[in-house]
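The lines below spell out each chain.
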Amino acid sequence: MVRQCSSAHCGAVDAEINEICIGEGWAINHPVLTRDENGPCNCSCSCLAFGTMVQVGDGSFKAIETFVVGDRVLAAGTDLDWSAEPVVYSGGTTGASRQKYTVLVLYSNTAVAVTSDHLFLVASGGERALKQADRLTVEDSLISPEGHPVQVRGVHIGDYLAGFHHVAARTKFPGPGDLDGHLLNTNGVISADYAVQILNRSGEAAGFTSSAFAEAPLVGSAEYVSRYGDSCLKTPELPSGFDEDAPIRTASFDAPDVALSGNTFIPAEAVSITVPEGACSFIPPDLAEEKRSAPKRAFNDPQAREWVEALIRFHRQFYPDVNYIFDWTNDDVNAYAWVENGVRQVAMMGGLVRDQDLELEGLALVLAHELAHHYGGSPTGTSGLSCEGQADYFGVRNVMRKVWFGESYITTTDAGIAQMAAFFGVPADSTDPGGSAGCAHPAGRCRIVTYRAAVSLTGKPGCAS
Ligand SMILES: [Zn+2]
């Protein structure tokens, strides 16, 4: 079993990781690299947004982020026999984080915002089981502290500007399957505490989560949208009489973080775009269609999204006159370049970024190709942007040489070309297949030859001309 950050190797350096995450204002799931062959750790805390009201030992409520170790919190097991338990852990992010892939769950006349791995108690076939927030649907019922079903009215995903926090009650290390003293009343519905969520993350919560839930599609994924509709990507439609004490503010993707205070939800659809007809692309439409069924990383994978956001930050320093767009929710396996109202546009689509053949270096090569459509010069197509073979050559020869300093140019292009060979399903030592692509996309073999020639400075091959 692959162990995630909470246990084993990451657990040993948890305190340092938390210090970095809090110091840098990084959101939950932001990768934190360590010199460790088990992969990156993450800023961790499966949590509730600041302001979520949790019932304390005396029956009153207070906001989740105000709990300190030693406080009393009202807690129960699946029998819902409530009693005051000591808080043994209290932690989370600062208030300034932009938390990606937050799940906003609407029920009754209120809502709660949680990280994707937050666990709710749900009614499941006559039993009570825990279900991760990123698998909830409008067919689910949460459970009230009195044991009554609470129908879910809406499930939405997006970014959330707020701190996130959670507490553990009774003990940090519950026994397998033992929920006693670890269920909390969170804003009128029951959630598991932090100790149980850590167990769940390390795969040890099999005793109280339903295995059927693990197979359920992730909120916002293509499969989820086809089953439950696309409202999960949109701004929630709030019924009249909706909780006026805790209004949900929503904002667009580009709203500057500084201008927003308090809890603000940015629905996933705010980042979606329409690429105009005739935009240059990384791969032709028929290949993009075929690649939709290739193995993909999970929709809520934190790393691939961070890679592209970091790449955009790098490239903006060198190519500041471009509007960079990253449409994570879109399943299109492609990237695009076009000019709109005189402004150069580059767009990376989620389906390409989630493709398992591509990692940071391969995605860097794609971004370089799109920038090269703008800056690669002749030959150009009808749009005035560089032809495909030219974008391939100039992207690796010029754009990547400019962005990747010193030896990192070689290590990045080598890795990127190897990933591209896997993506196109051709040998990494491909040879020029002959012929000429004109201004259109050359064949995969030709593209690999072109990238290698761009690193070696041996001139653009005939097949790409
Ligand atoms: Zn292209």
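Residues numbered from 1 in each chain as written. Predicted model: local features only at pLDDT ≥ 70, side-chain atom pairs only at ≥ 80, totals over all residues. Heavy atoms only, no water.

## Re the environment of L121
Then step 1. Relative to the elements of secondary structure, L121 occurs in strand β10 (residues 119–124).
Then step 2. By relative accessible area, L121 is classed as buried at 0%. (Helix = DSSP H or I, 4+ residues; strand = E, 2+ residues; numbered from the N terminus. Buried < 20%, exposed > 50% of the residue type's maximum accessible area, 1.4 Å probe, protein only.)

## So, the nonpolar core
Then step 1. Residues L142, F282 and M420 are the most contacted members of the largest nonpolar core, which totals 84 residues.
Then step 2. Of all the elements, helix α9 (residues 360–375) adds the most residues to this core, at eight residues.
Then step 3. Formed by eleven residues, the second largest nonpolar core is a distinct cluster that contains C47, Y160, A162 and F164. (Core = buried A, V, L, I, M, F, W, Y, C linked by side-chain atoms within 4.5 Å.)

## Here we look at helix α12 (residues 444–456)
Then step 1. With 13 residues, α12 ought to run about 18 Å at 1.5 Å a step, and its terminal C-alpha atoms sit 19 Å apart, in line with that.
Then step 2. Taking burial as the measure, the 13 residues of α12 include ten buried ones, the bulk of the element.
Then step 3. Listing the buried residues of α12 in full gives G444, C446, R447, I448, V449, T450, Y451, A453, A454 and V455.
Then step 4. Against α9, α10 (388–403) and α11 (407–424) lie the buried residues of α12. (Expected span 1.5 Å × (residues − 1). Contact = heavy atoms within 4.5 Å.)

## Considerations on the environment of L183
Then step 1. Within the fold, L183 resides in strand β15 (residues 183–186).
Then step 2. Relative accessible area serves as the criterion here: at 0%, L183 is assigned to the buried category.
Then step 3. As for L183 and L80, which are separated by 103 residues in sequence, their C-alpha atoms are 8.2 Å apart.
Then step 4. Filtering out sequence-adjacent residues up to four positions away, L183 remains in contact with L74, A75, A76, G77, T78, W82, L121, L130, I190, S191 and A192.

## Quick look at the coordination of the zinc ion
Then step 1. Only S281 (O), H369 (NE2), H373 (NE2) and E388 (OE) from the protein reach the zinc ion as donors, at distances of 2.0 to 2.1 Å.
Then step 2. The site at the zinc ion holds four donor atoms, and with the angles between them running 95 to 133°, its shape is tetrahedral.
Then step 3. For the zinc ion, the donor residues sit on a single chain with the sequence spacing S-x87-H-x3-H-x14-E. With H369 in helix α9 and E388 in helix α10, the pair connects residues that are 19 residues apart, well separated along the chain. (Donors = N, O, S within 2.8 Å, 3.2 Å for Na, K, Ca; no water. Tetrahedral: all angles 85-135°; square planar, octahedral: opposite > 155°, others 65-115°.)

## Section: helix α7 (residues 302–318)
Helical periodicity: at 3.6 residues per turn, an α-helix aligns residues three or four positions apart in one direction.
Then step 1. Between its first and last C-alpha, α7 extends 26 Å over 17 residues, near the 24 Å set by a 1.5 Å rise per residue.
Then step 2. If you check which residues of α7 are buried, you get A304, R305, E306, W307, V308, E309, A310, L311, I312 and H315.

## Some words on the state of the cysteines
Then step 1. By the definition in use, this model includes two disulfides.
Then step 2. Bridging C387 to C439, the disulfide has an S-S length of 1.8 Å. With the S-S bond torsion at -100°, the cross-link from C387 to C439 turns out left-handed. On the criterion of sequence distance, the pair formed by C387 in the loop between α9 and α10 and C439 in the loop between α11 and α12 is long-range, its members being 52 residues apart. (Disulfide = S-S within 2.5 Å.)

## What about unusual backbone geometry?
Then step 1. The residue after S378, namely P379, is reached through a cis peptide bond having omega 5°.
Then step 2. Position of P379 among the secondary structure elements: in the loop between α9 and α10.
Then step 3. At L80, a position not held by glycine, the phi torsion is positive, near 55°.
Then step 4. With respect to the helices and strands, L80 occurs in the loop between β6 (72–76) and β7 (83–92).
Then step 5. Even without a glycine there, the phi angle at N187 is positive, about 55°.
Then step 6. Following the sequence through the fold, N187 ends up in the loop between β15 and β16 (189–192).

## Thoughts on the sheet that holds strand β19 (residues 280–281)
Then step 1. Taking strand neighbours across the sheet as the criterion, the four strands line up as β19-β21-β22-β20 in an open arrangement whose pairing is mixed. Of all the strands in the sheet, just β19 and β20 (322–327) have a single pairing partner and so form its edges.
Then step 2. As paired elements, strand β21 (residues 335–340) and strand β22 (residues 343–349) share six bridges and run antiparallel to each other. Counted as the bridge partner of V339 is R344 from β22.
Then step 3. Lying over the sheet, α7 contacts β20 and β22, oriented at roughly 180° with respect to β20. (Pairing = 2+ DSSP bridges. Axes fitted to C-alpha atoms, helices over the stretch in contact; angles between N-to-C directions.)

## Details of the packing of α11 against α12
Then step 1. In the contact formed by α11 and α12, the axes pass within 10 Å of each other and the chain directions differ by 175°. Regarding the angle of α11 to α12, the classification is roughly antiparallel. Along its contact with α11, which presents Y409, I410, T413, I417, M420, A421 and F424, the element α12 presents G444, R447, I448, Y451, R452, A454 and V455. (Parallel < 35°, antiparallel > 145°, perpendicular 65-115°, else oblique.)

## What about the packing of α7 against α9?
Then step 1. Interhelical geometry of α7 versus α9 gives an angle of 45° and a closest axis separation of 10 Å. By the angle between their axes, α7 is oblique relative to α9. Between α7 and α9 the crossing geometry is right-handed. Residue-level contacts link W307, V308, L311, I312 and H315 of α7 to L360, L363, A364, L367 and L371 of α9. (Left-handed = near helix turned anticlockwise from the far one by under 90°.)

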